[in-house]
Amino acid sequence: MKLAMIGFGQAGGKIVDRFLDYDDRTNSGIVRAAIAVNSAKADLMGLENIPQENRVLIGQARVKGHGVGADNELGAAVAEEDIDEVQNAIDAIPTHEVDAFLVVAGLGGGTGSGGAPVLAKHLKRIFTIPVYGLGVLPGTDEGGIYTLNAARSFQTFVHEVDNLLVFDNDSWRQTGESVEGGYDQINEEIVRRFGILFGAGEVGDGQEVAESVVDSSEIINTLSGGGVSTVGFASEEVELNTGGGLLSRFTGDDGGSDNLDAANTTNRITSLVRKAALGRLTLPCEIEGTERALLVLSGPSEYLNRKGIERGRKWLEEETGSMEVRGGDFPRQEPEVAAAILLSGVTNVPRIKRLQQVAIEAQENIDDIQQESEDNLESLVEDDEDELEPLF
Ligand code: GDP
């Protein structure tokens, strides 16, 4: 599937930048165009792969390239004011070659949190192709204001996109790592998962055609109907055995073919599907009640088979209770077999309910603190008996 990716704010820009790198490394051909939008000049300058002409600075009149802080209402306002600047960058990309837009943003900050939903609304008004969002939830240790921003942005963003894919930083935090180092790792996990999903169906020159191919229309159908999506993923290393590949030459074995027998292949696939669905999802949730799902099995074609995928698909149908579970393979000459599962239209998500609860508490605290500080200032400035008069 060919995407036009727009990274809004720092996290959004960095993730799209990373998608370009992934595309380069794996030749997956999913990023047809990449744009970064930000109100902070320094963040745009820090990007590595997005072309200079596709980096759009907004809000200059108001914030002079210094960003909006964590004020997502200001982020939304500058996005609206400067939407033409973003549109100019979009006009320069070949949108007729694109299957969908993907607007990427961290929902806890200011620019992306406020701006991404504004952009999604704008794109939906102008284009007929789907507009998807990839929203990143903040870690719970980031504090009340980030949680409040994320809860408000989430609610707005879901309504403006055709589907909101969610990644929760909180469940991917690694202890003992620097924040930056941690994000590098997390961003790699993000592009790997979504890269395999969206890469299915993009068969490039010289690549093998899948036995039961997943094409873009199946991804679009799985995401249609809207709502919130999460992705599960599991992989297992395998030896690349075809065409006298490196490993087979080194191992020089003949016993390797045992591993490739059909039963093993099927079992490997079904166990990967279970691990992917029951392991850590990009947004933790109950998979029962999922409306639609798509299972993509990637790996060297000799490690993929129809029976395994069919069993995995059936198992997913039973676990989710969904009647709409699609599945297919995505042959890649990589030394791993991976199962990526898109669960679309999830509704039982305790993490979102908790986020909203903490956000409401944060909002009440902020109101209380503001009221208190107004009262305190009043009692400091005014004399007790009201004997002094202001000048004017
Ligand atoms: P903005 O520039 O005002 O949109 O704000 P940021 O994108 O800097 O931050 C918004 C939120 O995104 C933060 O609260 C973090 O939760 C998250 N975040 C920031 N940088 C990254 C990143 O590189 N990767 C990921 N996964 N999350 C990030």
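All of these numbers come straight from a predicted model, not from anything done at the bench.

Draft legend 1. Structural view of the overall build of the protein. For the protein, the helix and strand inventory stands at 14 helices and ten strands. For the protein, the C-alpha radius of gyration of 24 Å lies close to 21 Å, the compact-globule estimate for 392 residues. Overall, the C-alpha framework of the protein stretches about 100 × 40 × 40 Å when taken along its three principal axes. When the 392 residues of the protein are sorted by exposure, 51% land in the buried category.

Draft legend 2. Spotlight on the pattern of salt bridges. Applying the stated criterion across every chain, the model contains 20 salt bridges. For arginine 193, the salt bridge is made with glutamate 189, and the minimal N-O distance between the two is 2.6 Å. In this pair, arginine 193 and glutamate 189 both sit in helix H8 (residues 179–199), four residues apart, roughly one turn of the helix. In this structure, arginine 313 engages glutamate 310 in a salt bridge whose closest nitrogen and oxygen atoms are separated by 2.9 Å. On the criterion of helical spacing, the pair formed by arginine 313 and glutamate 310 is a turn pair, its members being three residues apart in helix H13 (residues 306–320). Here the salt bridges share partners, and the residues they tie into one network are Arg18, Asp21, Arg25, Asp184 and Glu188.

Draft legend 3. Here's a closer look at the layout of surface pockets. Estimated volume of the largest pocket: approximately 560 Å³. Along its surface, the largest pocket is lined by 34 residues, and Gln10, Ala11, Gly106, Gly109 and Tyr146 are the ones closest to its centre. Elements represented by at least two residues in the lining of the largest pocket include exactly helix H1 (9–26), helix H6 (111–126), strand S5 (131–137) and H8. The leading source of residues in the lining of the largest pocket is H1, at six residues. Per-class residue counts for the lining of the largest pocket are 14 nonpolar, 16 polar and four charged.

Draft legend 4. Here's a closer look at the domain arrangement of the protein. Assigned domains of the protein: these are domain 1 (3–199) and domain 2 (226–344). A C-alpha centroid distance of 29 Å is found between domain 1 and domain 2. With 20 residues of domain 1 at the interface, the matching set in domain 2 holds 23 residues. Across the domain 1 to domain 2 interface the summed buried area is about 1,800 Å²; carbon plus sulfur atoms make up 63%. On the domain 1 side of the contact with domain 2, Arg193, Ile196 and Leu197 bury the most area, a combined 35% of that side's loss. Counting every contact that joins domain 1 to domain 2 gives one salt bridge. Residue arginine 192 pairs with glutamate 336 through a salt bridge whose shortest N-O separation is 3.2 Å. Remark: the boundary between domain 1 and domain 2 carries twelve residue pairs in polar contact (both at pLDDT 80 or more). At the level of secondary structure, the elements contributing two or more residues to the side of domain 1 that touches domain 2 comprise H1, helix H7 (144–160), strand S6 (163–168) and H8. Looking at the side of domain 1 that touches domain 2 residue by residue, the classes come out as twelve nonpolar, four polar and four charged.

Draft legend 5. Focus on the nonpolar core. The biggest cluster of nonpolar side chains holds 71 residues, and the ones touching the most others in it are Ile90, Leu119, Leu123, Val273 and Leu297. In terms of residues, this core owes the most to one element, H7, which gives six residues. Here this core spans two domains, since at least three of its residues come from each of domain 1 (3–199) and domain 2 (226–344). When residues no more than four places from it in sequence are discounted, the contact partners of isoleucine 90 are Ile6, Ile35, Thr95, Phe101, Leu119, Leu123 and Phe127. Leu3, Phe167, Ile186 and Phe233 belong to the second largest nonpolar core, which has 44 residues in total.

Cut-offs used in this document
Residues numbered from 1 in each chain as written. Predicted model: local features only at pLDDT ≥ 70, side-chain atom pairs only at ≥ 80, totals over all residues. Heavy atoms only, no water. Helix = DSSP H or I, 4+ residues; strand = E, 2+ residues; numbered from the N terminus. Rg over C-alpha atoms; globule rule 2.2 N^0.38 Å. Buried < 20%, exposed > 50% of the residue type's maximum accessible area, 1.4 Å probe, protein only. Salt bridge = Lys/Arg side-chain N within 4 Å of Asp/Glu carboxyl O. 1 Å grid on protein atoms, 1.4 Å probe; cavity = no way out; pocket = protein on both sides within 12 Å on 5 of 7 lines; lining within 4 Å. Points joined across faces, edges and corners; volume = space filled by probe spheres on them. Nonpolar A, V, L, I, M, F, W, Y, C, P; charged D, E, K, R; others polar. Domains from an automatic or database assignment. Contact = heavy atoms within 4.5 Å. Buried area = accessible area lost by both parts, 1.4 Å probe. Polar contact = N/O pair within 3.5 Å; in protein donor to acceptor, adjacent residues only side chain to side chain. Core = buried A, V, L, I, M, F, W, Y, C linked by side-chain atoms within 4.5 Å.

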